Amino acid sequence: MLKKPLLLLLAFGFSLGMNAPLFSQDSFYRGKVLRIIVGFPPGGGYDTYTRLLARHWGKHIPGNPTIVVENMSGAGSMISANHIFRVAKADGLTVGHFIGGLFLQQLLGKPGIDFDARKFEYIGAPAQDVFLIGVSKASGITSVQQWLASKTVIKFGGAGFGAGTDDIPALVREVMGLPIQLVAGYKGTADIRLAFNNGEIHGSANSWQSIRSTWRNELDSGLLNIILHVALKSHPDLTKYPLAGDMIKNEDGRKLIQAVTQVHGASVRPYVLPPKTPKDRVLILRKAFADTMKDENLLAEAQKGNVDINPVNGEELAKSVQSVMQLESGLVAKLKDILK
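Residues numbered from 1 in each chain as written. Predicted model: local features only at pLDDT ≥ 70, side-chain atom pairs only at ≥ 80, totals over all residues. Heavy atoms only, no water.

**Quick look at the overall build of the protein**
- Secondary structure assignment for the protein yields 15 helices and eleven strands.
- For a compact globule of 340 residues, the expected C-alpha radius of gyration is about 20 Å, and the protein comes in at 22 Å, within 12% of that figure.
- Expressed along its principal axes, the backbone C-alpha trace of the protein runs to roughly 95 × 45 × 35 Å.
- The buried share among the 340 residues of the protein stands at 53%. (Helix = DSSP H or I, 4+ residues; strand = E, 2+ residues; numbered from the N terminus. Rg over C-alpha atoms; globule rule 2.2 N^0.38 Å. Buried < 20%, exposed > 50% of the residue type's maximum accessible area, 1.4 Å probe, protein only.)

In structure tokens:
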């Protein structure tokens, strides 16, 4: 029969064994720096979401690492996506945040993409985007019907195909006949907004999530006039805007709208880790991300800054990306012709 001190020692040792993963998790992140690399310059929607996340995420990660944000802009965030896939260490200390529209561009065979979306480890997304078409007051356009009738060509600013700023205008130009001239090459929505305010361009396709936080002055002042909600079903907060789905009668056009808005919806703001990141660290960061999205302080700050929080967890995000990568071949062929 075991003596009581020995039993207590065994029980203590068993307890340590049961909690070893927790201790190892805590010791791994304690004293570390977690880097989030954003694929766009400061001042845009992706940067805004990331800096909000960075202020709150660390307290939910065991060990409470320091979190820093770095911007690696270029090629519509493709440079940063390639970096996370090919260069960043798979140690759980480097997170990427780039535009999820690049997943569709991989499917379409876009040159320069050096990643496989199916191999990233997905942490989650803070919001699911809903895209709107807006034009400047100076353009004189007040409605889609007037625009179509006048045949006035409006310049839209773009960051490169793979971004909703480019994919959405190209799509509605094709399926609705809207007279759009797409001017690509801007580094992100912050530069597009500056060009809009300077009169270089007079149109923008942007998510409601970015508009309400980073284009608020233009919207409230009337400089930006929203004329179209690009979706088949209306978002509850956007019912006052005309719906593309009500204007497109062609079934192929409706399928294309559905496909592209799916790409630029649930999977458009992904936070990812490099392939082969240890699974325990993936799960730690997934849980911490989900907890952060419910953090009262983050939600209060988001509300104050008009930042929409409508999160997708890591598992759901991974499934959404897999769905994008399985688009039917007919849609893929048509999108290749449109998004080129």
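**Examining the packing of helix 2 (residues 45–57) against helix 12 (residues 279–292)**
- Helix 12 packs onto helix 2 with a crossing angle of 105 degrees between their chain directions and a minimal axis gap of 10 Å. Classified by the interaxial angle, the pair formed by helix 2 and helix 12 is roughly perpendicular. In this structure, helix 2 uses Leu53, His56 and Trp57 to contact helix 12, whose residues at the interface are Leu285, Ala288, Phe289 and Thr292.
- Its residues assigned to classes, the contact of helix 2 with helix 12 comprises five nonpolar, two polar and no charged. (Axes fitted to C-alpha atoms, helices over the stretch in contact; angles between N-to-C directions. Parallel < 35°, antiparallel > 145°, perpendicular 65-115°, else oblique. Contact = heavy atoms within 4.5 Å. Nonpolar A, V, L, I, M, F, W, Y, C, P; charged D, E, K, R; others polar.)

**Looking at the nonpolar core**
- Ranked by internal contacts, the top residues of the largest apolar core, which has 90 residues, are Trp57, Phe103, Ile133 and Leu228.
- Among the elements that take part in this core, helix 2 stands out by supplying six residues, more than any other.
- Those residues within four positions of Ile133 in sequence are excluded, and the remaining contacts are Trp147, Phe156, Ile168, Val172, Ser204, Ala205, Asn225, Ile226, Ile227, Leu228 and Val230.
- Counting residues in hydrophobic clusters, the runner-up holds 15 residues, among them Phe196, Leu219, Leu224 and Leu238. (Core = buried A, V, L, I, M, F, W, Y, C linked by side-chain atoms within 4.5 Å.)

**Let's talk about the packing of helix 2 against helix 13 (residues 296–304)**
- Helix 13 packs onto helix 2 with a crossing angle of 155 degrees between their chain directions and a minimal axis gap of 9 Å. In terms of orientation, helix 2 lies roughly antiparallel with respect to helix 13. For the element pair helix 2 and helix 13, the recorded crossing hand is right-handed. Along its contact with helix 2, which presents Leu52, Leu53, Arg55 and His56, the element helix 13 presents Asn297, Leu298, Glu301 and Ala302. (Left-handed = near helix turned anticlockwise from the far one by under 90°.)

**Section: the sheet that holds strand 2 (residues 66–71)**
- Taken together, six strands build an open sheet; the order of strands is 2-1-3-10-4-11 and the sheet is mixed. Of all the strands in the sheet, just strand 2 and strand 11 (312–313) have a single pairing partner and so form its edges.
- Here two bridges tie strand 3 (residues 94–97) to strand 10 (residues 271–273), and the two strands are oriented antiparallel to one another. Looking across to strand 10, one finds that His97 is bridged to Tyr271. (Pairing = 2+ DSSP bridges.)

**Some thoughts on the confidence of the model for the protein**
- Across the protein, pLDDT averages 91, with 92% of residues at or above 70.
- The low-confidence segment residues 1–24 (pLDDT under 50) makes three contacts with residues lying over four places distant or belonging to another chain. (pLDDT = per-residue confidence, 0-100.)

**Here we look at the pattern of salt bridges**
- Counted by the stated rule, this structure contains 13 salt bridges.
- We note a salt bridge from Arg51 to Asp47, for which the minimum N-O separation is 2.9 Å. Of this pair, Arg51 and Asp47 both sit in helix 2, four residues apart, which is roughly one turn of that helix.
- Relative accessible area serves as the criterion here: at 30%, Arg51 is assigned to the partly exposed category.
- Across the pair Lys319 and Glu315 runs a salt bridge whose closest N-O atoms are separated by 3.7 Å. You can see Lys319 and its partner Glu315 sitting in helix 14 (residues 314–324), four residues apart, about one turn around the helix.
- Taking relative accessible area as the criterion, Lys319 reaches 55% and is therefore assigned exposed. (Salt bridge = Lys/Arg side-chain N within 4 Å of Asp/Glu carboxyl O.)

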